[in-house]
Amino acid sequence: MVYFTVVKILGIESSCDETAAAVVEDGYRLLSNVVHSQIDIHAVYGGVVPEVAARSHIEVINPVINQALANANCTWDDIDAIAVTYAPGLVGSLLVGTLAARTLAITHNKPLYPIHHVEAHVYANFITAQSDTLELTLPQHQPQFPMLALIVSGGHSQLVLFRDHGDYELLGQTQDDAVGEAFDKVAKILGLPYPGGPSIATKALEGNPKAYQLPKARLQGKYDFSFSGLKTAVLRAVQREVGVDVTFPSSGLAERLDDAQKANFAASFQHTAIETLVDKAEAAYHDYSPDSVVIAGGVAASQELRRQLSDRLPLPIEYAPMSLCTDNAAMIATLGYFYAQKHQPSDPSEVSVTPSLSMTKTAWAQTRS
Ligand code: KG4
Ligand code: ZN
């Protein structure tokens, strides 16, 4: 049932360390995309500090929203609805975005749609056209259903089969660390800067992916992942390489490695972590024969992932640009558009945050047309 058809949606995202706002028209045309990253602030600590993140969101959320409206050449009169991330994420960070969205929905009398961050990552792949002012290389077509989605971020590693909008099945997921988390932890062991994904990718360019043999976890679930063992295997291999025992603290290892060793560890880890993801995606592809495959989440920015997937899957994959793979609000506005066609808006005074809500428990997951 179509409850409400909207055209221009303002998306707001603040679930972790990016404060973002964007305007998307008809669920595919990107009119603006503003992301204020806190990476420099958290890099000093080697990871996101929740209290610091929330305070930074408070400082920039209004300017970021105003900039997104200005870049889209919109006033509030042009905006038909607001979509905001309410789950999952850091509680303080989520609160800032949802409170801003609730207040704006009330003061400007706009319908408000609460959006799940991980579901929204998948919808970054539905953005296929942009305004003249944005320079991005976007996919030419929206993905077709059934669609296999490999969701790989700092907090999630999941394989999901979408039969239609809001009609999906979780095929498998990580049993411990998310793959992005493993990149971040291994980067720390190697003394590479946060966030670990891009810094490992850069270092790996100088290294040999076969230099160290690292294990791939064997799991009961055919499409499940595990990355904690791989991270520990890197730790043990580094300890062996520098000649210390397993009690030696991981924080003291990087200074004993030379540049070539760091590059070889980065390349070997990246190769094995990505191959694990691609093995499972390939198995699911052959079992379910989807019409499209998409990748989503921060690790989808990995060139190595794109290279291995394109090598191993027989169908062409249209990848979203890097800037729409990492956290942004365009994906929130895009899912907001599809969500608004099947769900009533929420009462702004009742939208609350749910920091650890799984994507299988959302209203969108219960949608059946
Ligand atoms: O989706 P995202 O921006 O935030 C979360 O919702 O978690 O993902 C961030 C994660 C970080 O762990 C980061 O290290 C990883 O994405 N990442 C990458 C790359 N770029 C970002 N991992 C591998 N290769 C990359 N090029
Ligand atoms: Zn994310």
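Residues numbered from 1 in each chain as written. Chains lettered and ligands numbered in written order. Predicted model: local features only at pLDDT ≥ 70, side-chain atom pairs only at ≥ 80, totals over all residues. Heavy atoms only, no water.

## Considerations on the coordination of the zinc ion (ligand 2)
Taken together, His117 (NE2), His121 (NE2) and Asp327 (OD) make up the protein donors of the zinc ion (ligand 2), found 2.0 to 2.1 Å from the metal. Look at where the donors of the zinc ion (ligand 2) fall in the sequence and you get H-x3-H-x205-D. Of this pair, His121 sits in helix H4 (residues 117-123) while Asp327 sits in the loop between helix H10 (322-325) and helix H11 (330-340), placing them 206 residues apart in sequence. On the accessibility criterion, His121 (3% relative accessible area) is buried. The class of Asp327 is buried, set by a relative accessible area of 13%. (Donors = N, O, S within 2.8 Å, 3.2 Å for Na, K, Ca; no water. Helix = DSSP H or I, 4+ residues; strand = E, 2+ residues; numbered from the N terminus. Buried < 20%, exposed > 50% of the residue type's maximum accessible area, 1.4 Å probe, protein only.)

## A few points about the site of ligand 1
Lining the immediate surroundings of ligand 1 are 19 residues, of which His121, Gly154, Asp184, Gly197 and Gly298 lie closest. One of the side-chain N or O atoms of His117 is found 3.2 Å from an oxygen atom in ligand 1. In the environment of ligand 1, an oxygen atom lies 3.0 Å from a nitrogen or oxygen atom belonging to the side chain of His121. For ligand 1, whose unbound accessible area comes to 560 Å², protein coverage reaches 87%. Those elements that place two or more of their residues in the shell around ligand 1 are H4, helix H5 (179-190) and helix H6 (196-204). Its residues assigned to classes, the shell around ligand 1 comprises five nonpolar, 12 polar and two charged. Split by domain, the residues of the shell around ligand 1 number at least three in each of domain 1 (8-143 + 323-368) and domain 2 (149-317). (Near = heavy atom within 4 Å. Polar contact = N/O pair within 3.5 Å; in protein donor to acceptor, adjacent residues only side chain to side chain. Areas by Shrake-Rupley, 256 points an atom, 1.4 Å probe, with all protein chains shown as cover. Nonpolar A, V, L, I, M, F, W, Y, C, P; charged D, E, K, R; others polar. Domains from an automatic or database assignment.)

## Examining helix H3 (residues 91-107)
Helix length check: H3, at 17 residues, gives a terminal C-alpha distance of 24 Å against a target of 24 Å (1.5 Å per residue), a fit within 8%. Those residues of H3 that fall on the buried side of the exposure criterion are Ser93, Leu94, Val96, Gly97, Thr98, Ala100, Ala101, Leu104 and Ala105. Contact partners of the buried residues in H3: strand E1 (8-13), helix H2 (50-71), strand E4 (81-87) and strand E5 (112-116). Immediately beyond the C-terminal end of H3, within one or two residues, lies Asn109, with a positive phi of roughly 55 degrees. (Expected span 1.5 Å × (residues − 1). Contact = heavy atoms within 4.5 Å.)

## Here's the deal with the sheet that holds strand E8 (residues 157-164)
Overall, mixed pairing links the four strands, which are arranged E9-E8-E7-E10 in an open sheet. Looking along the sheet, the strands with just one partner apiece sit at the ends: strand E9 (167-173) and strand E10 (292-296). Strand after strand, the sheet turns through a mean of 20 degrees between neighbouring axes, direction not considered. Across five bridges, strand E7 (residues 147-152) lies against E10 in parallel orientation. The residue of E10 that forms the bridge with Met147 is Ser292. Lying over the sheet, helix H8 (residues 259-288) contacts E7, E8, E9 and E10, oriented at roughly 165 degrees with respect to E7. (Pairing = 2+ DSSP bridges. Axes fitted to C-alpha atoms, helices over the stretch in contact; angles between N-to-C directions.)

## Focus on the domain arrangement of the protein chain
Along its sequence, the protein chain is organised into domain 1 (8-143 + 323-368) and domain 2 (149-317). A separation of 27 Å is found between the C-alpha centroids of domain 1 and domain 2. Contacts between the two partners involve 29 residues from domain 1 and, on the opposite side, 23 residues from domain 2. For the pair domain 1 and domain 2, the summed buried surface comes to about 2,000 Å²; carbon and sulfur atoms form 67% of the total. A per-residue breakdown of the area domain 1 buries against domain 2 is headed by Val122, Cys325 and Met359, which together make up 25% of the total. (Buried area = accessible area lost by both parts, 1.4 Å probe.)

## As for the layout of surface pockets
Approximately 200 Å³ is the volume found for the second largest pocket. Taken together, 14 residues make up the lining of the second largest pocket; nearest its centre are Gln142, Pro143, Ser292, Pro316 and Glu318. Of the residues in the lining of the second largest pocket, the class split is seven nonpolar, five polar and two charged. Two domains each provide a minimum of three residues to the lining of the second largest pocket, namely domain 1 (8-143 + 323-368) and domain 2 (149-317). (1 Å grid on protein atoms, 1.4 Å probe; cavity = no way out; pocket = protein on both sides within 12 Å on 5 of 7 lines; lining within 4 Å. Points joined across faces, edges and corners; volume = space filled by probe spheres on them.)

## Quick word on the environment of Ile39
For Ile39, the position within the fold is in helix H1 (residues 39-43). Take Ile39: its relative accessible area is 26%, and that puts it in the partly exposed class. Along the backbone, Ile39 and Tyr223 are 184 residues apart, and their C-alpha atoms lie at a distance of 32 Å. Look past the residues within four positions of Ile39 in its chain and what remains in contact with it is Asp17, Glu18, Tyr194 and Pro195.

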